[in-house]
Amino acid sequence: MTDDQRTQTPRTADERTTLAGFLDYQRATLAMKCEGLTPEQLRTRVLEPSGLCLLGLVRHLAEVERSWFRNVLDDEGAPGFWKHPDGSFAEFDADTADPDEAFAIWRRECDHARELVAAAESLDVLGRYGEEVFSLRWILTHMIEEYARHNGHADLLREHLDGTTGE
């Protein structure tokens, strides 16, 4: 990994800027964990019996971004990117996945999410999933938690791949 290029989180900003800043920091952490690896390394499952690999995490988080921001917050009804023939999600099945495609989709979803967050009139804007209702505040907080958990996985995967450790 190269020098840490992540933008630090805001320390004295309003709530929306703080939450968005923490989410962007977590997004940048995932990118940093994948930086400099070959496609084969990104696809490698190093912690048997787990099927996790870094590329699977990137694909999963692209789906999570799509789901929470496009579908729950903005009610777009956007279909999943990677599915099995039976309709179940296949983001973790990355044995032959294209890293360039996965990162392009993930970045596009992150950019679209940023646009939706910036355009929302407040953090009290509501999104829906079936009968369940979620505020933008809750969605941002949940996304920070989602990335933080998976970045912990990414730490372990990266260390097993090439010994690289760090935040």
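Residues numbered from 1 in each chain as written. Predicted model: local features only at pLDDT ≥ 70, side-chain atom pairs only at ≥ 80, totals over all residues. Heavy atoms only, no water.

A. Fine view of the packing of aromatic side chains. Following the criterion strictly, the structure yields 5 aromatic pairs and no others. Note on tryptophan 68 and tryptophan 138: the rings are 5.3 Å apart at their centroids and 50 degrees apart in plane angle, and the pair reads as tilted. Of this pair, tryptophan 68 sits in helix H3 (residues 54-73) while tryptophan 138 sits in helix H5 (residues 136-162), and the two are 70 residues apart along the sequence. According to the relative accessible area criterion, tryptophan 68 is buried, its value standing at 15%. What links up through ring pairs into an aromatic cluster is the set Trp68, Phe134 and Trp138. (Phe/Tyr/Trp six-rings, centres within 6.5 Å; stacked < 30°, edge-to-face > 60°. Helix = DSSP H or I, 4+ residues; strand = E, 2+ residues; numbered from the N terminus. Buried < 20%, exposed > 50% of the residue type's maximum accessible area, 1.4 Å probe, protein only.)

B. Molecular detail of the packing of helix H1 (residues 15-34) against helix H4 (residues 99-119). Viewed as axis vectors pointing N to C, H1 and H4 meet at an angle of 175 degrees, and their least axial separation amounts to 12 Å. One element, H1, and the other, H4, form an angle in the roughly antiparallel class. In this structure, H1 contributes Arg16, Asp24, Arg27, Leu30, Ala31 and Cys34 to the contact, and H4 contributes Phe103, Trp106, Cys110, Ala113, Arg114, Val117 and Ala118. Here the residues of the contact of H1 with H4 are counted per class, giving 9 nonpolar, no polar and 4 charged. (Axes fitted to C-alpha atoms, helices over the stretch in contact; angles between N-to-C directions. Parallel < 35°, antiparallel > 145°, perpendicular 65-115°, else oblique. Contact = heavy atoms within 4.5 Å. Nonpolar A, V, L, I, M, F, W, Y, C, P; charged D, E, K, R; others polar.)

C. Fine view of the side chain of glutamine 26. Within the secondary structure, glutamine 26 is located in helix H1. In this structure, glutamine 26 is in contact with Ile144, Tyr147, Ala148 and Asn151, ignoring residues within four places of it in sequence.

D. Seen up close, the nonpolar core. By size, the foremost hydrophobic cluster in this structure holds 43 residues, and its most contacted members are Leu54, Phe69 and Trp106. Elements that contribute at least two residues to this core include exactly H1, H3, H4 and H5. The element that contributes the greatest number of residues to this core is H3, accounting for 11 residues. When sequence neighbours within four positions are dropped, the list of residues in contact with leucine 54 reads Lys33, Cys34, Leu37, Leu42, Ala154, Leu157 and Leu161. (Core = buried A, V, L, I, M, F, W, Y, C linked by side-chain atoms within 4.5 Å.)

E. Layout of the confidence of the model for the protein chain. With 98% of its residues at a pLDDT of 70 or more, the protein chain has an overall mean of 93. Put simply, H1 is where the protein chain has its lowest mean pLDDT, 94, and H4 is where it has its highest, 98. (pLDDT = per-residue confidence, 0-100.)

F. Region of interest: the pairing of strand S1 (residues 126-129). Pairing analysis gives 4 bridges linking S1 to strand S2 (residues 132-135), with the strands arranged antiparallel. Within S2, the residue paired with glycine 127 across the bridge is phenylalanine 134. Once S1 ends, the chain turns through 2 residues before running back antiparallel as S2, passing glycine 130 with a positive phi of about 60 degrees. (Pairing = 2+ DSSP bridges.)

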